[in-house]
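What follows is the residue order along each chain.
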Amino acid sequence: MPEHIIVLEKMPLNRNGKIDRKALPEPNELERMSSGYTGPRNELEQRLVEIWEEVLEVSPIGIDDNFFDLGGHSLKAIQIRLRIKQQLGIEIDLKDLFEQQTISKLNSIIKSVFAKEIEGEKEAETALNSNKKRSIEVKNNMNLYDKNEDYFYELSNGQERLWFQSLYTKNTLGEVVVYEFNGEVDSSALFKALRSLVKRHSIMRTTIVEVDGHPFQRVHESLKVHCIYEDLSKLSKEQRFTSLASAIEHEQNHSFNLSCESFFRMNLYYVEPQKHVLLLCVNHIGCDGWSREVFMKDLFRVYQVIISGKNPSLLPAPAQYIEFTKWQKEQLIGGALEKQKDYWMGKLDESIESSNLPYDKNISLEEQNPSDVRIHEFNPEIVNLIRKVKPLYRGTTYMTVLAVIKVWLSLQNNQSIITIGSTFSGRTELRFEDLIGLCINPVALRTDLTGNPSFLQVLKRVQETTFEAYNNQDYPFDLIIQEKTRQGQNSKLYSICFIGQNSFRDEMEYDGVEVNSVPLNQFINNQNENLFCELNVDEWQEFDLLLYLIEENGKMVLEARYNSAKFLPETIDGFFAQLEHILGNLVNDPKMRLSEIELFEDKLEALFSE
């Protein structure tokens, strides 16, 4: 039985005559409208409504509508915060958006912040002039020199980390992302749009060169970038996907020559009518997860211009990665990030052994599968309980699951201070939202669970830790590691990483064309069960366990990538079972204390015994 029945006068259609699903009204939208809508009462509220509608992609929004009920989460809160800063000139704390969950409540907070900023306007102006002077000095030093119309710039800190890592490991392999395009697409125009992106985004024309032993970004005026098109439609189904599997395997095992090759390789295939496949292979030194959605949005922006008969060069130029690099260096040299540095050095000052998990003994090489990914879907009843718990501490699903993982590790290791790794976008300036490049920054989320707290208290501690990390995410993590190493402290802060996967979408739609990002193993298995290619996996090898939280269509899924030399697949499945067991108990009774939680008995005890 359907949960909702909505009667429409007519179905919205896209330009291909198909139902435009994005234009269909959401049931919760109709419920909001029927329960009463309060519009903005002044100019400030009107501006806030416009910002919320842009970020949340919901319209209309009333001033009493709840941020989380509208689909809001941590990333959306950050995007709203950035727009408030740029458009209104007011910088509010991220925590305010979680505590004041409606525009009417946020309105009073912004007015209060605005009043305080007016009082300190003179002091701020003096500081601004000082920073401008430092910025000019940095900008003058950023451009090393230009030669033959090419330009040389310093690497960002994230690039430096990956560059030196590649020198140490001798590994410059890339990550392959498979996109399926379903719908009417002009193959020639789409291929032309791909090549046009190389002109629009300088990071796609960038290589890494050494000058006097120091690496620099070399932005080429012109660089030959691997971009091919192939028609597979005349082949049999088996031949088509044998070709695709072979191409995937080649891209996975073909290293990038970072000194003379673009960080991007693109393979476009016409598979059959209404279906294309794009294999996008990227080296992370030039692209992070956020960038992939930016790439796809700009691809179709250019595509639409081309099929309309216009020149894509007329489009506004996007932000370039060297702007991010310059900004980062300015912030570091100008001293703007000293407070963030002090926060991290204080937060991570104590040398604490990273939390570990009991691992399997004597795993043979035949049993090891580095490309294996384990997936666990949580019970719908637990997902509903999480939704009821979140308002109790004004948090998110990510924070709730993070708290449970910390409790689980605390019980496993008999530790009270738990550190888990994560990654934040690093795009704390609005102008970097539509930027292609490596901006992502690792963080160490350390929470003190001493005092036998209740789960609700744990949630609030984890929430505070997360907010603090968000507010201090600009300071490069590798500099923290370097500083701790210089001080003789343990620089391995964590071996388990937990990432929320709401930073970019796996399913998108552009003017009637459905675009799906398909995991490699799933793509291969969907096409032919007899096909198999060994996938390169290096992104998570530095961790024992890398967990991704995926929320989609009301479902909640954990995806685990793990060190197969330490864990068997069934062991990871056992970890999932324990997490769900603890999660179910805690969200059902948030007042339960840590001492009351028990890890249920299962085959893990026998599995880990000598």
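Small disclaimer: the values here were computed from a predicted structure and weren't measured.

Helix and strand counts for the chain come out as 19 helices and 16 strands. In the chain, which comprises 610 residues, the share counted as buried stands at 53%. By sequence separation, contacts in the chain at least 24 residues apart represent 74% of the contacts at least 6 residues apart. If you sum the accessible surface of the chain, you get close to 29,400 Å²; carbon and sulfur atoms cover 47% of it.

For the rest of this paragraph, the subject is the packing of aromatic side chains. Within the structure shown, the criterion is met by 19 aromatic pairs. Seen from their ring centres, W52 and F67 are 5.7 Å apart, and the 70° between their planes marks the pair as edge-to-face. Of the two residues, W52 sits in helix α2 (residues 43-56) while F67 sits in the loop between α2 and α3 (74-88), which places them 15 residues apart along the sequence. Both residues of the pair, W52 and F67, belong to the buried class. Chaining the aromatic ring pairs together yields one cluster made of W52, F67, F68, F98 and F467. The ring of F256 is capped by R265, whose NZ or CZ atom sits 4.0 Å from the centre of that ring. A cation over a ring is seen here: K361 above Y359, with NZ or CZ 5.3 Å from the ring centre.

Let's shift gears to the pattern of salt bridges. Overall, the coordinates contain 24 salt bridges when judged by the stated rule. Between D288 and R427 there is a salt bridge; the shortest N-O distance is 2.9 Å. Taken together, the residues span a long stretch of sequence, with D288 in the loop between β8 (275-282) and α10 (289-307) and R427 in the loop between β10 (417-424) and β11 (441-448) at a distance of 139 residues. What makes D288 buried here is its relative accessible area of 6%. The exposure class of R427 is buried, given its relative accessible area of 1%. The salt bridge partner of E468 is K347, with a shortest N-O separation of 3.6 Å. Of this pair, E468 sits in helix α15 (residues 455-471) while K347 sits in helix α12 (residues 338-347); the two residues are 121 residues apart in sequence, bridging distant segments of the chain. Among the charged side chains, a salt-bridge network with shared partners connects E54, R83 and E433.

In terms of nonpolar packing, the biggest core is built from 97 residues, with W52, I84, I110, I405 and F498 touching the most fellow members. Counting residues per element, this core draws most heavily on helix α14 (residues 397-413), at ten residues. Judged by nonpolar contacts, the second largest core, of 56 residues, contains A189, L194, V294 and L299.

Consecutive side chains along a regular strand alternate between the two faces of the sheet. Note: strand β6 (residues 227-231) against strand β7 (residues 264-272), five bridges, orientation parallel. Across the sheet, residue I228 finds its bridge partner in β7, namely N267. Between the parallel elements β6 and β7, the chain passes through helix α9 (residues 237-253) in a crossover that is right-handed.

In the structure shown here, the tally under the stated rule is four cavities of 30 Å³ or more. By volume, the largest cavity is sized at about 100 Å³. F324, Q328, C439, I440 and N441 are the residues nearest the centre of the largest cavity, which is lined by 17 residues in total. Here the lining of the largest cavity takes four residues from helix α11 (residues 321-333), the largest share from any one element. The class makeup of the residues in the lining of the largest cavity is seven nonpolar, seven polar and three charged. As for the second largest cavity, its lining consists of I78, R81, L82, L94, T428, Y470, N471 and Q473. When grouped by side-chain class, the residues that make up the lining of the second largest cavity number four nonpolar, three polar and one charged.

Turning our eyes to something else, we now look at α2. Helix length check: α2, at 14 residues, gives a terminal C-alpha distance of 20 Å against a target of 20 Å (1.5 Å per residue), a fit within 8%. N-capping of α2 is provided by N42, with a side-chain oxygen placed 3.2 Å from the backbone N of L44. Phi turns positive, to about 55°, at E57, one or two residues after α2.

Let's shift gears to the sheet that holds strand β14 (residues 513-518). Here six strands make up an open sheet; going across it, the order is β6-β7-β8-β3-β14-β13 and the pairing mixed. Edge strands, defined here as strands with exactly one partner in the open sheet, are β6 and β13 (507-510). Taken pair by pair, the neighbouring strands of this sheet meet at an average axis angle of 20°, ignoring direction. As defined by bridge partners, β13 adjoins β14 across four bridges and the pair is classed as antiparallel. Bridge pairing in β14 links E509 to E514. This element, α9, spans β3 (175-182), β7 and β8 of the sheet and lies at about 175° to β7.

Cut-offs applied
- Residues numbered from 1 in each chain as written.
- Predicted model: local features only at pLDDT ≥ 70, side-chain atom pairs only at ≥ 80, totals over all residues.
- Heavy atoms only, no water.
- Helix = DSSP H or I, 4+ residues; strand = E, 2+ residues; numbered from the N terminus.
- Buried < 20%, exposed > 50% of the residue type's maximum accessible area, 1.4 Å probe, protein only.
- Contact = heavy atoms within 4.5 Å.
- Areas by Shrake-Rupley, 256 points an atom, 1.4 Å probe, with all protein chains shown as cover.
- Phe/Tyr/Trp six-rings, centres within 6.5 Å; stacked < 30°, edge-to-face > 60°.
- Lys NZ or Arg CZ within 6 Å of the ring centre and 35° of its normal.
- Salt bridge = Lys/Arg side-chain N within 4 Å of Asp/Glu carboxyl O.
- Core = buried A, V, L, I, M, F, W, Y, C linked by side-chain atoms within 4.5 Å.
- Pairing = 2+ DSSP bridges.
- Right-handed = clockwise from strand over helix to strand, strands pointing away.
- 1 Å grid on protein atoms, 1.4 Å probe; cavity = no way out; pocket = protein on both sides within 12 Å on 5 of 7 lines; lining within 4 Å.
- Points joined across faces, edges and corners; volume = space filled by probe spheres on them.
- Nonpolar A, V, L, I, M, F, W, Y, C, P; charged D, E, K, R; others polar.
- Expected span 1.5 Å × (residues − 1).
- Polar contact = N/O pair within 3.5 Å; in protein donor to acceptor, adjacent residues only side chain to side chain.
- Axes fitted to C-alpha atoms, helices over the stretch in contact; angles between N-to-C directions.

Just geometry here; none of it tells us what the structure is for.
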